[in-house]
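# Fold and geometry: a report
For reference, the chains in residue letters:
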Amino acid sequence: MQQQQGVRKLIWSLSVPNKVKNLVWLSGLVLQWFMVQQTTSTTEHRNNGSRPELILEDVQMHAQFEPTDVSLATLIMAVANIGQIDYTEPGPIDRSVLSKQLKHRFEAIWNGQDPGSVTCRSRSSEFSNREPMVDDRVRNIIKAVGLEGLVWVPGREIDHGLITALVERWRPETHTFHMPHGEITITLQDVEVLLGLPIDGDAITGSTQKTWVDVCREFLGFEPINQDNHKQLTSQRILINRLLEQVANPLPPNAEEDQLHKYARCYILALLGDKIFMDKSGDRVHLMWVQQLEDLRNPRRCSWGSACLAWLYRELCRASKDTSQIGGCLLLLQYWAWARFPYLCPAVEHGPPVGAYGPPVRGPLSLK
C-alpha cells in the first residue's frame, strides 16, 4: 500500500508537457501491476520468496514513452521497486555513481575494522590566545578585503568525534553527506551566514610558481630564516607564529602606508591560516593567498566563502579515504552540524560577543 501511494504521489507531482495522458495511464498501469503481482506470483517466486521487479522496458512499452523520456521512466521504475532494496547490505546499490566505496572509511567499518578517530587540525594556540585586532586602520583594511566576519567568529573546541562521524558519512563522488533520511551538504549560504564571508566577487586564483622568499620580503616585510633546525618557510608555507611576531607590537601612530599594508597582510594571512585554510601541519599557512592582498589601497572583492568551502570539500574528500588527519575550516563544519542537527549542540555556558557571527545563542541552537 505504501508503495502504491508513493508511485501515485510521484506521478502526480511530475509535470511533463504533452504527456498528461501517458502519466495518468501509467499510474493505472503501475498500480495494476502491483495488484497482479501480489495475486498471481509464479511458482519460482513463491519458492525463493522474492518479488518480481518492474523493469524499464515494461514502463516504456506500456506507457508509449519516447527515448527522450528514459529519465522519467527510470524514476518511476525506481519508486516502484523500492521494496526490492536489500537493507542488510552497506551499499551502494548502484556502484556506477558511488564508485569509491572500496576505498572509503565506511567500508572498513562495515567489515569490522576500526580506523579510529580523525585527527582534527584546529586553531593554532598562538593565535587563539591573542586578543582581536583593535587598530582601526587594520580593521578597516580587513573590512575592505571582506574578511571582517573572521574577526568576530567565536572560537570553539573542535569535537573530534562529531567530525569523524561526518567524515564517515561524506561521499567524495557527490560532495554530500549520506544520512538515513537522504543527502545533505554545506552550501555557500551556510558559509555566508555562519562565518560572514562574502560568496560573490572575483574567484580566488593565482600562480603558485613564485619565489616565496621574495614574496615575504616584498609584501610581508621580512625575510624568513631557513636553518636546518628551524625553517620558518617550508616550500610555500610560512609559520603562523612568524607572522604573529610581525604584529606582536602595536603599529606606530605615524606609520606610513607601506608599513601599514605589510602589517595588515601579516595579520590577515595569519587569520586565514588560523580560521579557514588550515592544512595538516596545523601551524603553517600557504603564501599563495598574499596574491589577493597585494593591492590594499584598492583591494579586490573576492569570493572568500567559495574558496573556504572548496578547501573544506577537498579536506573532507581526503579524510574519507585512508588518511587519519583533516584540515580546513572545521569550525564551519561543526557550526553547520549544530545548526542542522540541534540535538548535537551542547548547552549554553556563555554566549558570543555582541555582533559576532556564528550560530545564534537562543534556540533551537546553543553554544558551548
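Fair warning: this is a prediction, and the values are worked out from it, not measured in the lab.

### Quick notes on the sheet that holds strand β4 (residues 182–184)
Note: strands within a sheet are paired through backbone hydrogen bonds, in either parallel or antiparallel orientation. Spatially, the 3 strands line up as an open sheet ordered β2-β3-β4, and their pairing is antiparallel. The strands lining the two open edges of the sheet, one partner per strand, are β2 (170–171) and β4. Where strand β3 (residues 176–179) and β4 come together, 3 bridges link them in antiparallel fashion. Bridge assignment links His178 to a residue of β4, and that residue is Glu183.

### Focus: the packing of helix α10 (residues 160–169) against helix α16 (residues 330–340)
The N-to-C vectors of α10 and α16 enclose an angle of 85 degrees; their axes lie 11 Å apart at closest approach. In terms of orientation, α10 lies roughly perpendicular with respect to α16. Residues Leu162, Ile163 and Leu166 of α10 touch α16, and the partners they reach there are Leu330, Leu333, Gln334, Trp336, Ala337 and Trp338. A per-class count over the contact of α10 with α16 returns 8 nonpolar, 1 polar and no charged.

### Section: the packing of aromatic side chains
Per the stated rule, a full pass over the model turns up 11 aromatic pairs. When the ring of Phe177 is compared with that of Trp336, the centres are 5.1 Å apart and the planes differ by 25 degrees; the resulting orientation is stacked. In this pair, Phe177 is assigned in strand β3 and Trp336 in helix α16, connecting sequence segments 159 residues apart. When sorted by exposure, Phe177 lands in the same class as Trp336, which is buried. With centroids separated by 6.2 Å and ring planes inclined at 70 degrees, the aromatic side chains of Phe341 and Tyr343 adopt a geometry described as edge-to-face. Exposure remark for Phe341: the relative accessible area of 10% places this residue in the buried category.

### Details of the pattern of salt bridges
Under the counting rule described, the total for this entry stands at 11 salt bridges. In this structure, the salt-bridge partner of Glu168 is Arg105, at a minimum N-O distance of 3.8 Å. In this pair, Glu168 sits in helix α10 while Arg105 sits in helix α6 (residues 105–110), placing the two residues 63 residues apart along the sequence. Among the residues examined, Glu168 registers a relative accessible area of 24% and is labelled partly exposed. Each of Asp214, Arg217 and Glu223 takes part in one network of salt bridges that share partners.

### Quick look at the pairing of β3
Across a regular strand the side chains alternate sides, sitting on one face of the sheet and then on the other. Pairing of β2 with β3, which is carried by 2 bridges, proceeds in the antiparallel orientation. Among the inter-strand pairings, Arg171 is bridged to a residue of β3, identified as Thr176. Here β2 folds back onto β3 in antiparallel fashion, the turn holding 4 residues, of which His175 has a positive phi close to 55 degrees. Linkage of β3 to β4, two consecutive antiparallel strands, is achieved through a turn of 2 residues.

### As for the environment of Gly161
Inspection of the secondary structure puts Gly161 in helix α10. Its relative accessible area of 44% is what places Gly161 among the partly exposed residues. Placed 45 residues apart in sequence, Gly161 and Gly116 show a C-alpha to C-alpha distance of 9.8 Å.

### Here's the deal with the sheet that holds strand β8 (residues 237–239)
On the basis of which strands lie adjacent, the open sheet formed by 3 strands has the order β7-β8-β9 and antiparallel pairing. Where the open sheet ends on each side, the last strands, each with one partner, are β7 (233–234) and β9 (284–286). Summarising the sheet, β8 and β9 pair through 3 bridges and their orientation is antiparallel. If you follow Leu239 over to β9, its bridge partner there is Arg284.

Conventions we followed
Residues numbered from 1 in each chain as written. Predicted model: local features only at pLDDT ≥ 70, side-chain atom pairs only at ≥ 80, totals over all residues. Heavy atoms only, no water. Pairing = 2+ DSSP bridges. Helix = DSSP H or I, 4+ residues; strand = E, 2+ residues; numbered from the N terminus. Axes fitted to C-alpha atoms, helices over the stretch in contact; angles between N-to-C directions. Parallel < 35°, antiparallel > 145°, perpendicular 65-115°, else oblique. Contact = heavy atoms within 4.5 Å. Nonpolar A, V, L, I, M, F, W, Y, C, P; charged D, E, K, R; others polar. Phe/Tyr/Trp six-rings, centres within 6.5 Å; stacked < 30°, edge-to-face > 60°. Buried < 20%, exposed > 50% of the residue type's maximum accessible area, 1.4 Å probe, protein only. Salt bridge = Lys/Arg side-chain N within 4 Å of Asp/Glu carboxyl O.

The quantities given are spatial measurements derived from coordinates; they are silent on function.
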